[in-house]
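What follows is each chain in one-letter form.
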Amino acid sequence: MNSSIRFDYSNLMQEVIGKEGISKKELSGYKSVSTRYRDEMKKEYESGGLKFLSLPFNKQYAKEALKFAKERINKYENFVVLGIGGSALGNIALLTALGHPYYNIVSKKERKGSPRIFILDNIDPDQFYGFLETIDIRKTLFNVVSKSGETAETMSQFLIIYDMLNRKLGKKHKNNLVITTDASKGFLRKIIEKENYDSFVVPDGVGGRFSILTPVGLLSSAFAGIDINNLLKGAASIVEMFLKNDYLKNPTMLNAALHYHFDTQKGNNISVMMPYSYKLKDFADWYRQIWAESLGKKFNLKGKEVFTGQTPIKALGVTDQHSQVQLYTEGPNNKIFTFLSVDDFDNTIKIPKLFKEIDGLAYLGNHSLNELMTFERIGTELALKAAKRPQCQILFPKVNAFTVGQFIMFYEIQTALSGKFYQINPYDQPGVEAGKKVAYALMGRKGYEDYQKEILKQLSKKETSFFV
Ligand code: PA5
C-alpha cells in the first residue's frame, strides 16, 4: 500500500500566527468560489479539455517509453536531454528525486545498467563545450525535447549535435537521436519525417510546464530506471481526490485559495518553497516555473491590465538556513512559505559520540543526521511561527515515485485553479514570447528584418555602460 503526502496549513491560521494569518471565517468564505472553479475544471476535463488531468490514466506513454528504454538501455553510456523550460525542468526534478543523489558518479552496476543522464537546459558556450569534452557522443543517445519544435536554444543544440554526429557516424547517427515533439506541428516533426528518426509525441492540449507526465518527462525517467507507472498512479490519486472531495478536505482547492488570499489580501506576494530534502530540491525549481509562468500575467481574461502573480522563490533546508532564514524571520513580512518535509529518509546516518568532554559537541553524539535534519526544520518552522510568518507544509511519508507523482499533480491542479482565482489564462506565456522575438531578430531570422533594425537602434543608444 502506498502512503500519501499530507498537507498541513495550521500555521497559516489566525489562531496560530495572529492577525497575520487567515481566520476560519475568511477561509470558509472561499468555499463557494473554489467549488465553482473546481466544478468548471471538472466540466472542462469531462468534455475533453484540460488534458493534463487525463495523463495519469493514459498508460500508453509509459508503456512506449519503457519498451524503448528496455531495448536500448545497455547500448549507451549517456542519455542526454536537450530542452529548456517545461521540456527540461521536470526531467531534472524527477532524476534528483528518484535517482541516486550522485547518479552520474556511481557505477553503471549501481545504476542497474542505466546510462548516465544529463539534462542540458542552457546554451552557455563554456558549459556546452565542457560537456562535449566530457562525453563520447558516439556512445550517447540524445533526446531532443521541444513541444513547439522551434525554440532557438534547443534547435541550436540540436543543430550542433546533429552536425557532430553526422560527421562522426554518417547515416548511422540515427541510432543516437530520439526526438520528442508535437505530433504534427513544428520543424522537428518535419525533420523526423524527412530523416526517419525515432520519436515521441507531446500530446495536443498539454502545455510545456504541464508536460512532465508525457513522454517529455517519462522517457529520461524510464532510462533512469524510475518506476514511472507508480508515478502515474500517485498523480491519478490526486486527480480523483480533486474531482471528488469537498473544499475543506481538498488540499489543492484549499492551497489555491490560501495562496490567493495571502497574495491579494495580505501582501504576501512572494511564495517560498523550501524542501528539507535534497531529493526534492529540484522540484522547487519545477514549482518556480509552473507558478511564475502560469500566474504572472499582465492581462486578465477580459483584457484588463491586472499584473498578477506571486513571485516564487526556492530555498533548500538546511543549506539556506545559513543564507536566507535571517531575512525570512526578520525581513519584510511579504512571503508565504511552503516546507516540503520527509518523514522517513531512505538512509540513516548515526553521528558518533566523540569528544565527550566538549559539551558543545557531545550533545550531537548518538543522534542521527535524520534527527538533526528534522529538528532543524522544526527550528525554522517555530522561528517563523514566532515571527508570525505564514507557512504551510507538504509532508512526504517517503520520497518515492508514488508520492512524487502526487506532488506533481497537486501543484499542476493548484496552478490551474489559481488561474481561475486570478481570472487569467495560466496556459500561455506572452511575456516569454517577447524575449524570443528579440533573439530571432538579432540572429537574423527571416521575417524579422524590420524588428532587427528597431532593436539595433535601441541597443546603440546605451549611455550608461562603461569600463570600470
Ligand atoms: O511552459 C512552457 O510552455 C515553456 O516553458 C516551454 O516549455 C519552453 O519555452 C520550451 O518550449 P518548447 O518545448 O516548445 O521548446
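Residues numbered from 1 in each chain as written. Predicted model: local features only at pLDDT ≥ 70, side-chain atom pairs only at ≥ 80, totals over all residues. Heavy atoms only, no water.

## Section: the packing of aromatic side chains
- The final tally for this structure, using the stated rule, is 25 aromatic pairs.
- Taken together, a centroid distance of 6.2 Å and an interplanar angle of 70 degrees make the contact between Phe68 and Phe223 edge-to-face. Here Phe68 is found in helix 4 (residues 60-72), whereas its partner Phe223 is found in helix 9 (residues 215-223), with 155 residues between them in sequence.
- Take Phe68: its relative accessible area is 8%, and that puts it in the buried class.
- A relative accessible area of 0% means that Phe223 is categorised as buried.
- Ring geometry for Tyr276 against Phe339: centres 6.1 Å apart, planes inclined by 55 degrees, an arrangement best described as tilted. (Phe/Tyr/Trp six-rings, centres within 6.5 Å; stacked < 30°, edge-to-face > 60°. Helix = DSSP H or I, 4+ residues; strand = E, 2+ residues; numbered from the N terminus. Buried < 20%, exposed > 50% of the residue type's maximum accessible area, 1.4 Å probe, protein only.)

## Describing the environment of Ser237
- When you line up the elements, Ser237 lands in helix 10 (residues 228-244).
- Remark: the alpha-carbon pair of Ser237 and Gly83, spanning 154 residues in sequence, is separated by 29 Å.
- Sequence-distant contacts of Ser237, defined by excluding residues within four places in its chain, comprise Phe402 and Gln406.
- There is a polar contact of 2.6 Å between the side chain of Ser237 and the backbone oxygen of Gly234.
- Polar contacts involving the side chain of Ser237 include one to the side chain of Gln406, which spans 3.0 Å. (Contact = heavy atoms within 4.5 Å. Polar contact = N/O pair within 3.5 Å; in protein donor to acceptor, adjacent residues only side chain to side chain.)

## Some points on the pairing of strand 6 (residues 198-202)
- Pairing between strand 5 (residues 177-182) and strand 6: 5 bridges, direction parallel. If you follow Asp182 over to strand 6, its bridge partner there is Val202.
- Chirality of the crossover, the property in question, places the unit of strand 5, helix 8 (residues 187-195) and strand 6 among those that are right-handed. (Pairing = 2+ DSSP bridges. Right-handed = clockwise from strand over helix to strand, strands pointing away.)

## Comments concerning the packing of helix 10 against helix 11 (residues 251-266)
- As a packed pair, helix 10 and helix 11 sit with axes 8 Å apart at the nearest point and diverge in direction by 75 degrees. Here helix 10 is positioned roughly perpendicular relative to helix 11, judged by the angle of their axes. For the pair helix 10 and helix 11, the contacting residues are Ile238, Met241 and Phe242 in the first and Pro251, Thr252 and Met253 in the second.
- Tallied by class, the residues present in the contact of helix 10 with helix 11 amount to 5 nonpolar, 1 polar and no charged. (Axes fitted to C-alpha atoms, helices over the stretch in contact; angles between N-to-C directions. Parallel < 35°, antiparallel > 145°, perpendicular 65-115°, else oblique. Nonpolar A, V, L, I, M, F, W, Y, C, P; charged D, E, K, R; others polar.)

## Observations regarding the site of the ligand
- Near the ligand you find 14 residues, and of these Ser87, Ser146, Ser148, Thr151 and Gln289 are the closest.
- Between the ligand and the protein, one listed contact pairs an oxygen atom with a backbone N or O atom of Arg209 at 2.9 Å.
- Between the ligand and the protein, one listed contact pairs an oxygen atom with a side-chain N or O atom of Glu293 at 2.9 Å.
- In terms of residue class, the shell around the ligand is built from 1 nonpolar, 9 polar and 4 charged. (Near = heavy atom within 4 Å.)

## So, the side chain of His173
- Turning to its location among the elements, His173 is positioned in the loop between helix 7 (152-169) and strand 5.
- His173 sits in the buried class, given a relative accessible area of 3%.
- A polar contact is formed between the side chain of His173 and the backbone oxygen of Gly170, at a distance of 2.8 Å.
- Not counting residues within four places of it along the chain, the set of residues in contact with His173 comprises Tyr162, Leu165, Asn166, Glu195 and Tyr197.

## Topic: the nonpolar core
- Counting residues in hydrophobic clusters, the biggest one holds 94 residues, and the most contacted among them are Phe52 and Phe283.
- The biggest single contributor to this core is helix 16 (residues 401-422), with 12 residues.
- Residue-level mapping places this core at the junction of two domains, with at least three residues from each of domain 1 (6-44 + 230-422) and domain 2 (53-226).
- Leave out the neighbours within four places in its chain, and Phe52 touches Met41, Val206, Phe210, Met409, Glu412, Ile413, Ala416 and Tyr427. (Core = buried A, V, L, I, M, F, W, Y, C linked by side-chain atoms within 4.5 Å. Domains from an automatic or database assignment.)

## Things to note about empty space enclosed by the protein
- Summed over the entire model, instances satisfying the criterion amount to 1 cavity of 30 Å³ or more.
- Considered as a void within the structure, the largest cavity measures approximately 30 Å³ in volume.
- Lining the largest cavity are Tyr276, Val342, Phe345, Met373, Thr374 and Arg377.
- Here the element with the most residues in the lining of the largest cavity is helix 15 (residues 369-386); it accounts for 3 residues. (1 Å grid on protein atoms, 1.4 Å probe; cavity = no way out; pocket = protein on both sides within 12 Å on 5 of 7 lines; lining within 4 Å. Points joined across faces, edges and corners; volume = space filled by probe spheres on them.)

## Comments concerning the sheet that holds strand 7 (residues 270-275)
- Judged by pairing direction, the sheet is mixed, and its 5 strands sit side by side in the order 1-10-9-7-8 without closing on themselves. The strands lining the two open edges of the sheet, one partner per strand, are strand 1 (6-8) and strand 8 (311-314). Averaged over all pairs of adjacent strands, the angle between strand axes in this sheet comes to 20 degrees, irrespective of strand direction.
- Judged from the 4 bridges that link them, strand 7 and strand 8 form a sheet pairing that is parallel. By the bridge assignment, Ser271 is partnered in strand 8 with Pro312.
- Running at roughly 30 degrees to strand 1, helix 11 makes contact with strand 1, strand 7, strand 9 (335-342) and strand 10 (391-396) of the sheet.

## So, the domain arrangement of the protein chain
- By the assigned domains, the protein chain splits into domain 1 (6-44 + 230-422) and domain 2 (53-226).
- Its C-alpha centre places domain 1 at a distance of 30 Å from the equivalent point of domain 2.
- Each partner contributes residues to the interface: domain 1 has 28 residues there, and domain 2 has 23 residues.
- For the domain 1 face of the interface with domain 2, the top three residues by lost area are Leu232, Lys279 and Gln289, together amounting to 26%.
- Here domain 1 is connected to domain 2 by 1 salt bridge.
- Between Arg209 and Glu293 there is a salt bridge, and its shortest N-O distance comes to 3.0 Å.
- Summed over the shared surface of domain 1 and domain 2, the number is 4 residue pairs in polar contact (both at pLDDT 80 or more).
- Taken together, the elements giving at least two residues each to the side of domain 1 that touches domain 2 come down to helix 10, helix 12 (281-295) and helix 16.
- Classifying every residue of the side of domain 1 that touches domain 2 by side-chain character gives 16 nonpolar, 4 polar and 8 charged. (Buried area = accessible area lost by both parts, 1.4 Å probe. Salt bridge = Lys/Arg side-chain N within 4 Å of Asp/Glu carboxyl O.)

## Details of the pattern of salt bridges
- The final tally for this structure, using the stated rule, is 28 salt bridges.
- As a salt-bridge pair, Lys139 and Glu77 come within 3.9 Å of each other at their nearest N and O atoms. Of the two residues, Lys139 is situated in the loop between helix 6 (125-134) and strand 4 (140-145) and Glu77 in the loop between helix 4 and strand 2 (78-82); the sequence distance between them amounts to 62 residues.
- Accessibility expressed as a relative area gives 39% for Lys139, which makes it partly exposed.
- Residue Glu77 is classed as partly exposed on the basis of its relative accessible area, which comes to 36%.

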